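Residue strings, one per chain:
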Amino acid sequence: MLKPVGRLLAASVLVAGAVACAPGADGGRPGGRAPSEVSTEVAKAGQVTLTVWDQEVQGGQRAQIERLNAGFQAKYPNVRIHRVARSFSDLQKTLRLALSGGDPPDVVQANQGYASMGQFVKAGMLLPLTPYDRVYGWRKRYPKALTDLNSVSPDGRSIGTGDLYGVSLNGEIVGIYVNREKLARLGIGPPRTWAEFERALAAAKGKGELPVVFGNLEKLPAMQTYGVIQDQLAGKDPVRSLIFGTGGKWTDGPNVQAARTLADWAERGYFNKDANAVKWDDTPVDFAKGQGVFMIGGNWWAADLQKKMGAKAGFMAPPPAQAGAPPTTMGGESLPFSITSKSRHPDVAAAYIDYITSPQAMDVSVETGNLPALAAPSKRPEGALTKDVAAAWAELSKGDGITPYIDYATPGLADTLGGPLQELIAGRTTPEKALEAAQRDYEEFLKGK
Amino acid sequence: MSLRTPRARPPHARPPGEPRTIGWLYVLPALLVYAVFLLWPLVRGVWFSLYDWDGVSAGTWAGLSNYAETLTDPSLRAAFGHALILAVFYAIVPCLIAFVLVAIISRTRVRGLAVFRTVLFLPQVVAMVAVAVAWQWVYSADGPVNTVLRGLHRLGLPDWSRGWLGDFTFALPAVGLIGTWVEIGLAMVLFLAGVQKIPRELFEAARIDGAGPVREFLAVTLPALRRELAVALTLTTIAALRNFDLVYITTKGGPGDSTKVPAYEVYNRAFNTGEVGLACAIGVTLAVLVFAVTAAVGRLAEGRPGEAP
Amino acid sequence: MISARERWLNHAILVVFAVIALFPMIGVVATALSLPDADPGVFADAWREGHFALYLRNSLIVSTVTVVAGTLLSITAGYALGALRFRGSGPLFLLFLAGLTIPTEAVVVPLYFDLRSAGLDNTYAGVILPQTAQSVAFGAFWMRAYFRGVPRSLLEAARMDGASSWTTLWRVLVPMGRPAILTMVVLTSMWTWNEFLLPLVILNADDGVRTAPLGLSFFQGGHQTDYALLMAGALIIAAPIVAVYLFLQRHFIAGMLSGAIKE
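In this text, all values refer to a predicted model and were calculated from it rather than measured experimentally.

J.: Outline the overall build of chain A, supporting the account with residue identities and numerical values.
T.: Scanning chain A for helices and strands turns up 20 helices and 11 strands. Over its C-alpha trace chain A gives a radius of gyration of 23 Å, about what one expects of a compact globule, namely 22 Å for 449 residues. On the principal axes, the C-alpha backbone points of chain A span a range of 75 × 65 × 40 Å. Within chain A, the fraction of its 449 residues that count as buried is 58%. The contacts in chain A between residues at least 6 apart in sequence include a share of 77% that link residues at least 24 apart.

What follows is the structure, given as structure tokens:
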């Protein structure tokens with residue numbers, strides 16, 4: 001009875017075979033070529049709607065981008081900004097789809113690294129910004145370390161060379177938040193060395209306090225915590241070359257040791273026991289409610305915590321091995337704003353990017369409680385917490401102590417390292433096994449890159 | 001639901017004068033939409049699955065290697081295993097519960113049966129995304145489940161409270177229980193429909209023979225519900241295999257890989273990690289699995305081979 | 001014949017399950033309103049911040065078109081397969097039945113790439129057409145079962161009266177089969193309204209066409225921590241289909257009970 005169906009299916013397969021060549025081979029992509037002529041005269045561009053995708057959904061960053069958008073539209077009444085905001089993970093999940101679609105947004109925040117920007121550049125989805133850089137001088141405005149993060153070779157294989165593909169607004173560092181009140185009650189001063197920090201964790205635990213409040217439902221938080229530990233144990237240069245694929249293995253001794261430290265912390269009860277079930281964004285909420293003496297997290301939470309906790313909360317770079325040595329941590333800059341190669345208004349998009357990264361924009365960043373990527377010309381942070389963040393950033397920048405996020409390394413790392421790290425925290429795997437999984441994925445990606 | 005073709009009626013049974021081919025005209029529009037937007041994509045999916053393709057640059061021929069990877073990759077194999085475990089929660093548990101409920105209803109003259117039926121079916125109606133959001137709260141650190149368990153702990157029982165959706169052991173059953181909650185109503189409404197077709201005399205006869213609730217159920221109700229059971233099992237098992245929304249919202253496959261399911265991996269591999277060929281292979285495998293389950297359950301419902309239809 | 005105790009126990013069991021079925025929903029309402037200090041303003045906040053007016057409208061458009069098209073096609077196809085029994089109807093039915101087992105997951109990836117080539121990504125049509133096809137796969141099966149259950153004598157009688165197959169279908173069989181059709185309509189509208197994966201993939205860029213469940217998912221991404229607001233959002237997107245269900249459930253259950261399932 002299945003015969004007619006079978007015949008029909010066979011016929012369709014034949015038809016398919018006849019018309020099909022390898023998927024993707026037919027779609028001649030125009031994108032990725034730099035425009036030969038650029039214009040900076042936005043006012044003469046006519047009525048333009050600029051669709052912008054950003055991930056600035058948290059209080060402080062949202063206020064910042066809303067003010068900047070309003071400012072740009074006030075300056076150019078002929079431009080309407082259609083803002084689509086989604087959380088970091090939602091943006092990660094949808095950007096690839098949207099960029100390969102027929103009508104992508106004009107401006108997007110594309111994450112740095114091989115996993116996102118490298119692949120988008122390789123596929124010709126993003127516009128090289130070099131011609132606009134000549135007009136607006138972004139490379140002159142930003143230190144080389146920051147523009148390097150947003151530069152990729154045309155084949156997507158090498159970060160730090162080639163054209164500039166995006167410009168970032170804010171600086172980013174992952175550091176240690178401190179509940180000052182609790183720390184004082186425990187009779188501990190702010191830790192000045194990594195060893196002191198670990199002793200503080202033990203002391204907190206000993207007195208019945210939760211040492212580190214931690215939410216790791218998304219897997220990414222553990223990768224950041226791991227990265228912070230890895231920076232201390234492996235040092236910045238090996239970490240940098242590992243992430244940019246120029247040397248080293250995930251299974252190298254210090255990297256394994258870092259995983260062991262993470263496992264130790266979990267085993268000793270330094271984290272809340274349901275860490276793998278708590279959402280990342282719930283962590284600062286719990287911290288503000290008084291859970292945890294410390295919290296390891298990015299400065300992007302500072303603006304909201306400043307409002308909720310005031311002077312109770314402090315922030316510091318992870319303390320170095322020796323007191324007074326330059327600290328190291330993971331970070332860089334916020335997701336860069338890039339122009340898609342299919343945008344119909346690249347000139348307006350470039351003017352928008354220039355506007356939101358201008359010196360005045362850095363002032364707005366400070367005013368809304370954020371950490372601007374460049375020193376703000378006239379504003380200084382006011383809150384205790386945001387001052388801490390600015391000081392840590394200054395110190396880290398001075399000592400060249402910032403290493404890139406580890407999820408830049410491969411697109412699959414969130415699963416192949418993040419997943420095993422969750423198991424590690426639950427005590428279900430060993431540090432060696434966790435990093436072997438990451439190394440396998442890493443090697444495979446480097447092979448195909 | 002039967003996979004058998006109806007036996008062609010002998011020609012004389014056809015109403016005389018009924019044009020034979022007009023049927024095609026009636027079917028054609030439906031067939032067209034169906035073929036273009038369901039069958040053709042399936043064919044394309046099979047085609048894509050034979051390539052190594054990242055979705056952006058040109059793909060390279062990969063033969064059956066994507067299928068080999070689907071069957072051998074530990075995390076993908078685990079994903080299919082999880083789907084089978086979910087099937088227990090989605091199909092078997094709800095059917096058992098629905099049987100109990102229906103047995104009760106068929107024995108007792110239940111007051112407010114209509115209300116009860118409406119209420120129990122309600123979870124079927126609510127969007128999975130909304131269900132997921134609600135259950136995230138149910139399972140959350142300060143949600144009702146943990147609050148009750150902490151209350152029990154205060155009464156002297158061990159502390160069973162935990163982060164259910166982030167627990168390697170309990171995340172999958174926790175997701176599964178949401179499925180149970182959703183599917184009970186479906187199974188029950190189907191069984192009720194079946195029970196009401198059973199002649200009352202059969203129940204009366206069983207009771208006169210002195211049958212208790214269990215024997216009455218096994219002797220009268222269950223045999224009469226075979227078809228409904230097949231339909232319920234098929235629909236709920238398919239729902240289990242196709243579970244995407246719940247996992248996407250509540251766990252994203254975590255912790256680790258413990259709630260990864262094939263449906264989620266199709267999306268993840270195609271659009272996150274850029275393994276489009278592999279994603280299609282997983283999708284096709286899933287379709288084959290769904291087809292096999294449907295056929296197998298259908299066969300079961302038909303009874304032993306050779307039995308008169 | 002049944003003891004009072006068993007009677008009591010039976011009712012107790014039913015009540016327990018009814019409470020379980022309702023429990024998360026009661027919780028949702030309570031959390032959304034932050035009981036006991038009820039604040040209905042949270043619905044207004046969610047409505048505004050989540051752009052739910054737009055998403056509900058989009059869902060309404062997508063569901064209505066899908067269900068209307070799917071129903072018409074299913075009725076004609078089911079009629080042909082169940083009542084006309086033309087040559088080749090057997091294998092054709094199998095073909096439709098096979099479609100019932102094709103999960104969205106198996107076709108969503110190729111659909112994305114092909115619809116994109118056709119310029120249908122981020123359009124209503126891009127989600128309506130595939131979902132109509134899915135509705136037809138189910139509807140043809142469902143309606144065929146109904147049409148097969150129609151007594152042959154009725155068809156003969158209609159034909160004796162000189163009615164064409166078209167007239168017989170729309171004047172006699174469709175009005176008679178209203179419960180079965182309504183059941184199908186409720187089922188397909190429910191599935192379409194609640195569909196998540198397809199819109200997630202196809203409506204990936206344009207905010208303006210996003211459907212309600214998709215909207216809730218992104219709303220959740222942006223308001224992870226605010227359970228009251230999230231729950232309000234969940235209620236908003238669930239409400240329309242629940243209302244339809246409560247309104248039509250009589251017909252729905254009548255459809256179930258009339259035995260449209262019987263093969």
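After that view, the rundown keeps rolling.
J.: Explain the overall build of chain B to me, using residue names and the numbers behind them.
T.: Tallying secondary structure elements over chain B gives 13 helices and 2 strands in all. Overall, the C-alpha framework of chain B stretches about 80 × 70 × 35 Å when taken along its three principal axes. Per-residue burial over chain B gives 55% buried out of 309 residues.

J.: Could you give an account of the interface of chain A and chain C, naming the residues involved and the relevant values?
T.: Contacts between chain A and chain C engage 24 residues on the former and 18 residues on the latter. Those elements that provide at least two residues to the side of chain A that touches chain C are α1 (3-19), β2 (79-85), α3 (88-100) and α13 (282-288) of chain A. Broken down by element, the side of chain A that touches chain C gets its largest block of residues, 5 residues, from α3 of chain A. Across the side of chain A that touches chain C, the residue classes tally to 13 nonpolar, 5 polar and 6 charged.

J.: Quick one: what's the story with the sheet that holds strand β1 (residues 48-54) of chain A, residue by residue and with numbers?
T.: Within a sheet, neighbouring strands are paired by backbone hydrogen bonds and run either parallel or antiparallel to one another. Residues and elements named next belong to chain A. In spatial order, the strands read β2-β1-β3-β10; together these 4 strands make up an open sheet with mixed pairing. With one partner strand each, in any of the chains shown, β2 and β10 (337-339) form the two edges of the open sheet. In this sheet, adjacent strand axes meet at a mean angle of 25° when their direction is disregarded.

J.: Describe the domain arrangement of chain A, listing the residues and the values that go with them.
T.: Reports often express the size of an interface as the amount of accessible area lost when the parts come together. All names here are of chain A. Domain assignment breaks chain A into domain 1 (42-170 + 334-378) and domain 2 (172-332 + 401-448). Taken over C-alpha atoms, the centre of domain 1 sits 28 Å from the centre of domain 2. Each partner contributes to the interface: domain 1 provides 18 residues, whereas domain 2 provides 17 residues. The set of elements that each furnish at least two residues to the side of domain 1 that touches domain 2 consists of α2 (59-75) and α4 (114-122). A per-class count over the side of domain 1 that touches domain 2 returns 5 nonpolar, 13 polar and no charged.

J.: Explain the environment of I26 of chain C residue by residue, including any values.
T.: Take I26 of chain C: it is sitting in helix α1 (residues 4-32). Taking the C-alpha atoms as reference, I26 of chain C lies 21 Å from F52 of chain C; in sequence the two are 26 residues apart.

J.: Please set out the interface of chain B and chain C residue by residue, giving values where relevant.
T.: The interface of chain B with chain C comprises 80 residues on the first partner and 81 residues on the second. Top contributing element to the side of chain B that touches chain C by residue count: helix α1 (residues 22-48) of chain B, with 16 residues. For the side of chain B that touches chain C, a count of residues per class yields 56 nonpolar, 11 polar and 13 charged.

J.: Summarise unusual backbone geometry; cite the residues concerned and give the values.
T.: Phi at D400 of chain A takes a positive value of approximately 50°, unusual for a residue other than glycine. For D400 of chain A, the position within the fold is in the loop between α17 (384-398) and β11 (402-403). You can call D400 of chain A exposed: it has 11 C-beta atoms within 10 Å. With a phi angle near 50°, K252 of chain B is a residue other than glycine that sits in the positive phi range. Inspection of the secondary structure puts K252 of chain B in the loop between α11 (245-250) and α12 (262-272). K252 of chain B sits in the buried class, given 20 other C-beta atoms within 10 Å.

J.: If you had to explain helix α20 (residues 431-448) of chain A to someone new, which residues and values would you point to?
T.: Residue and element names in this part refer to chain A. Counted at 1.5 Å a residue, the expected span for α20 with its 18 residues is 26 Å, and the 26 Å between its end C-alpha atoms agrees. All of the buried residues in α20 are P431, A434, L435, A437, A438, D441 and Y442. All buried residues of α20 fall inside an arc of 145° around its axis, so they share one side. Seen from the buried face of α20, the exposed residues on the opposite side, beyond 90 degrees, are E432, K447 and G448.

J.: I'd love a proper account of the pairing of β2 of chain A, names of residues and values included.
T.: Bridge count between β1 of chain A and β2 of chain A: 7 bridges; the pairing is parallel. Residue pairing for β2 of chain A: D54 of chain A is matched across the bridge by A85 of chain A.

J.: Tell me what's going on with the nonpolar core, and back it up with residues and numbers.
T.: Formed by 332 residues in total, the largest nonpolar core has its most connected members in L262 of chain A, A130 and A134 of chain B together with M231 and A234 of chain C. The element that contributes the greatest number of residues to this core is helix α3 (residues 74-107) of chain B, accounting for 17 residues. The residue makeup of this core includes at least three contributed by each of domain 1 (42-170 + 334-378) and domain 2 (172-332 + 401-448) of chain A. Apart from the residues lying within four places of it in its own chain, the contact partners of M231 of chain C are V133, A134 and W137 of chain B together with V28, T31 and A32 of chain C.

J.: Please give an account of the confidence of the model for chain A that cites residues and values.
T.: Residues and elements named next belong to chain A. Averaged over all residues, the pLDDT of chain A equals 88, while 92% of them reach at least 70. Ignoring residues within four places in sequence, the model shows residues 1-5, a span with pLDDT below 50, making 7 contacts including any to other chains. Confidence drops under pLDDT 50 across residues 11-19; counting only partners more than four residues distant or on other chains, this segment forms 6 contacts.

J.: An account of the pairing of strand β9 (residues 329-333) of chain A is needed here, citing residue identities and associated values.
T.: Residue and element names in this part refer to chain A. Within β9, 5 of the 5 residues are buried, which leaves it mostly tucked inside the rest of the structure. When strand β6 (residues 171-179) meets β9, the two strands line up antiparallel, connected through 3 bridges. The residue of β9 that forms the bridge with E172 is G332. Strand direction decides the pairing type here: β9 and β11, joined by 2 bridges, are parallel. When the bridges of β11 are listed, M330 appears paired with T403.

J.: Break down the packing of α1 of chain B against helix α4 (residues 89-100) of chain C for me, citing the residues and quoting the values.
T.: One way to put it is that α1 of chain B packs onto α4 of chain C with a least axis distance of 11 Å and a crossing angle of 30°. Read as a crossing pair, α1 of chain B and α4 of chain C show a hand that is left-handed. Between α1 of chain B and α4 of chain C, the residues in contact are G23, V27, Y34 and L38 of chain B and S89, L92, F96 and G99 of chain C, respectively. When the residues that make up the contact of α1 of chain B with α4 of chain C are grouped by side-chain class, the tally is 5 nonpolar, 3 polar and no charged.

J.: Any chance you could break down helix α10 (residues 226-241) of chain B for me, citing the residues and the numbers?
T.: Its 16 residues place the ends of α10 of chain B 22 Å apart at the C-alpha level, agreeing with the 22 Å of an ideal helix rising 1.5 Å per residue. Counting buried residues along α10 of chain B, 14 of its 16 residues qualify, which places the element largely inside the surrounding structure.

J.: Tell me about the environment of V33 of chain B, and name the residues and values.
T.: When you line up the elements, V33 of chain B lands in helix α1. Discounting residues that sit within four places of it in the chain, V33 of chain B has contacts with L73, L129, T132, A133 and V136 of chain C.

J.: Outline the confidence of the model for chain B, supporting the account with residue identities and numerical values.
T.: For residues with low pLDDT, the predicted coordinates do not support detailed interpretation. Residue and element names in this part refer to chain B. Across chain B, the average pLDDT comes to 85, with 91% of residues at 70 or higher. Contacts of residues 1-13 to residues separated by more than four positions or lying in other chains number 19 contacts, the stretch itself having pLDDT below 50. When the criterion is pLDDT under 50, residues 304-309 qualifies, and its contacts beyond four places in sequence or with other chains add up to 0 contacts. Across the whole predicted complex the pTM is 0.84, and at the interface the ipTM reaches 0.88.

J.: Break down the packing of α2 of chain A against helix α16 (residues 359-367) of chain A for me, with residues and values.
T.: Residue and element names in this part refer to chain A. Axis separation between α2 and α16 bottoms out at 9 Å; the angle between their running directions is 145°. Relative to α16, α2 is oriented so that their crossing is right-handed. Contacts from Q64, R67 and L68 of α2 reach α16 at A361, V364 and S365.

The rules we used
- Residues numbered from 1 in each chain as written.
- Chains lettered and ligands numbered in written order.
- Predicted model: local features only at pLDDT ≥ 70, side-chain atom pairs only at ≥ 80, totals over all residues.
- Helix = DSSP H or I, 4+ residues; strand = E, 2+ residues; numbered from the N terminus.
- Rg over C-alpha atoms; globule rule 2.2 N^0.38 Å.
- Buried ≥ 20, exposed ≤ 12 C-beta atoms within 10 Å, placed from the backbone.
- Contact = placed C-beta atoms within 7 Å.
- Nonpolar A, V, L, I, M, F, W, Y, C, P; charged D, E, K, R; others polar.
- Pairing = 2+ DSSP bridges.
- Axes fitted to C-alpha atoms, helices over the stretch in contact; angles between N-to-C directions.
- Domains from an automatic or database assignment.
- Expected span 1.5 Å × (residues − 1).
- Arc of directions from axis to C-beta.
- Core = buried A, V, L, I, M, F, W, Y, C linked by C-beta atoms within 7 Å.
- pLDDT = per-residue confidence, 0-100.
- Left-handed = near helix turned anticlockwise from the far one by under 90°.

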